[in-house]
Amino acid sequence: MLTAERLGKRYKSDWALYPLNLRLGPGMHGLLGPNGAGKSTLMRLLAGLLQPSSGDAMLDGVSVRDGRKVRSRIGYVPQVFRMYPQLTAREWLRHVARVKGLGGRAAVEEAVERTLQAVNLTKQADRPARTYSGGMIKRLGIGQALIGSPDVVIVDEPTAGLDPEERVRLRNVLAEAALTRTVLLSTHVLSDIQSSCRNLLVLSEGRLLYQGGPSGLASFADRRVWTWEASHFEWSRLRLDGLLSARETSDGIICRALGAQPPTPYAVQAEPTMEEGYISLISGRQAVDF
Ligand SMILES: Nc1ncnc2c1ncn2[C@@H]1O[C@H](COP(=O)(O)OP(=O)(O)OP(=O)(O)O)[C@@H](O)[C@H]1O
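Since the structure is predicted, the reported quantities are computational estimates derived from the model, not experimental observations. (Residues numbered from 1 in each chain as written. Predicted model: local features only at pLDDT ≥ 70, side-chain atom pairs only at ≥ 80, totals over all residues.)

> Run through the pairing of strand E4 (residues 54-59), naming residues and quoting values.
Both strand E1 (residues 2-11) and E4 contribute to a ladder of five bridges, which runs antiparallel. By the bridge assignment, Ala 4 is partnered in E4 with Ala 57. Taken together, the two bridges between E4 and strand E5 (residues 62-63) define a ladder with antiparallel strand orientation. The residue of E5 that forms the bridge with Met 58 is Ser 63. Linking E4 back to E5 in an antiparallel pair, the connection comprises two residues, with Asp 60 at a positive phi of about 45°. (Pairing = 2+ DSSP bridges. Helix = DSSP H or I, 4+ residues; strand = E, 2+ residues; numbered from the N terminus.)

Following this line, the structure appears as structure tokens:
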């Protein structure tokens, strides 16, 4: 169990992360929040890479900064993963396995092979990394975190900048990893976590605003999502603050908006999505009037 007790980080007098408590068991956990919310700060604190200003993070009761043994049980993938471009994936993973003290040659080779398979890089394993796509580099980053079978894997924005196919591939790699361990991943793309995470954390301006399931997050927009069909004429005159989406049909524009009151007399309430709950929570739009 990965836990945080009053875990916080301050730079001079500003809290990048206000003290918070967490309990993260096995499975996939999603971390959401706008730019500068404190996601990377929390992840680096949980990985033992940053000195907290308050409290501590613990893995099974041992501080994550308590030496190499506990650190080897936590894999961390930064937002931007860098490696030597002239090395192949196999060479790089071998190097990481040795640095992690995985034992003799046979143990290293076995771990490298297993990891290449897990991240779907077996076919490209002997090509220099400079020939890899962005998605392949990301998968290699996850591979280096998985090597040595850590109990916890922390991944900062794994799918940023990837095409849809690669995004799905990466999601599957992480879902597989989460079957047997704790995986925490941060993202700005809600669809990345919608189907795979039972537990979501939402940070904003250094504060933990929400922890719970996707349906609980969606409920922040309960009775605040409205849908209606506007004519092209109405649409051209529409000035809405809380517009969520607009889809053109042959008859007009199907609109969806967030607000306390119906934006037009004939708008009807709609079931909120997780994304709409998130927007409602972050923007404090619960009280918006049209
Ligand atoms: N070394 C530092 N010195 C001073 N302030 C910092 C430092 N590192 C981070 N911060 C501040 O802490 C806050 C949280 O930053 P953090 O990188 O954790 O946010 P984030 O949610 O990961 O953002 P993004 O989504 O843009 O990656 C920001 O206001 C940032 O400016």
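Next comes the rest of the description.
> Before we move on, could you go through the sheet that holds strand E9 (residues 199-204) and cite the residues and values that matter?
On the basis of which strands lie adjacent, the open sheet formed by six strands has the order E6-E7-E8-E3-E9-E10 and mixed pairing. If you trace the sheet from one side to the other, it starts and ends with strand E6 (74-77) and strand E10 (207-212), each paired once. For this sheet, the mean inter-axis angle between neighbouring strands, taken without regard to orientation, is 15°. As paired elements, strand E7 (residues 152-156) and strand E8 (residues 182-186) share five bridges and run parallel to each other. What sits directly across from Asp 156, in E8, is Ser 186. Packing of helix H6 (residues 164-177) onto the sheet brings it into contact with strand E3 (27-32), E7 and E8, and relative to E8 it is tilted by some 150°. (Axes fitted to C-alpha atoms, helices over the stretch in contact; angles between N-to-C directions. Contact = placed C-beta atoms within 7 Å.)

> Before we move on, can you summarise the domain arrangement of the chain with the specific residues and values?
Domain annotation of the chain identifies domain 1 (2-212) and domain 2 (223-271). Placing the centre of domain 1 and that of domain 2 at their C-alpha centroids yields a distance of 40 Å. (Domains from an automatic or database assignment.)

> Tell me about the UniProt feature "domain: ABC transporter" (unreviewed entry) in the chain, and name the residues and values.
With numbering aligned to this structure, UniProt lists the feature "domain: ABC transporter" (unreviewed entry) at residues 2-230. Structurally, residues 2-230 is divided into 32% helix and 29% strand, and its ends, taken at the C-alpha atoms, are 50 Å apart. (UniProt positions renumbered as here; feature names shortened; annotations may be inferred.)

> Explain the environment of Asp 163 to me, and be specific about the residues and the numbers.
Along the chain, Asp 163 falls in the loop between E7 and H6. Assessed through the 12 C-beta atoms surrounding it within 10 Å, Asp 163 is described here as exposed. Counting along the chain gives 28 residues from Asp 163 to Gly 135, while the straight-line C-alpha distance between them is 8.1 Å. (Buried ≥ 20, exposed ≤ 12 C-beta atoms within 10 Å, placed from the backbone.)

> So what's going on with the site of the ligand? Which residues, and what values?
Around the ligand, a shell composed of Tyr 11, Ala 16, Gly 33, Asn 35, Gly 36, Ala 37, Gly 38, Lys 39, Ser 40 and Thr 41 is seen. Among the elements that make up the shell around the ligand, the one with the highest residue count is helix H1 (residues 39-46) (three residues). Taken together, the residues of the shell around the ligand break down into three nonpolar, six polar and one charged. (Near = placed C-beta within 6 Å. Nonpolar A, V, L, I, M, F, W, Y, C, P; charged D, E, K, R; others polar.)

> Describe in detail unusual backbone geometry, supporting the description with residues and values.
Of note in the backbone geometry, Asn 120 takes a positive phi value of approximately 60° without being a glycine. Mapped onto the elements of the fold, Asn 120 is located in the loop between helix H4 (105-118) and helix H5 (134-146). Among the residues examined, Asn 120 registers 16 C-beta atoms within 10 Å and is labelled partly exposed. Here the phi dihedral of Ser 149 falls at roughly 50°; this positive angle occurs in a residue that is not glycine.

> Give a description of the sheet that holds strand E12 (residues 243-248) that names residues and reports values.
Within a beta sheet, neighbouring strands are joined by backbone hydrogen bonds and run either parallel or antiparallel to one another. Strand order across the open sheet formed by four strands is E12-E13-E11-E14, with antiparallel pairing between neighbours. Looking at which strands have only one partner, the edges of the open sheet turn out to be E12 and strand E14 (268-269). Sheet analysis places E12 next to strand E13 (residues 253-258), joined by five bridges and oriented antiparallel. Residue pairing for E13: Ala 246 is matched across the bridge by Cys 255.

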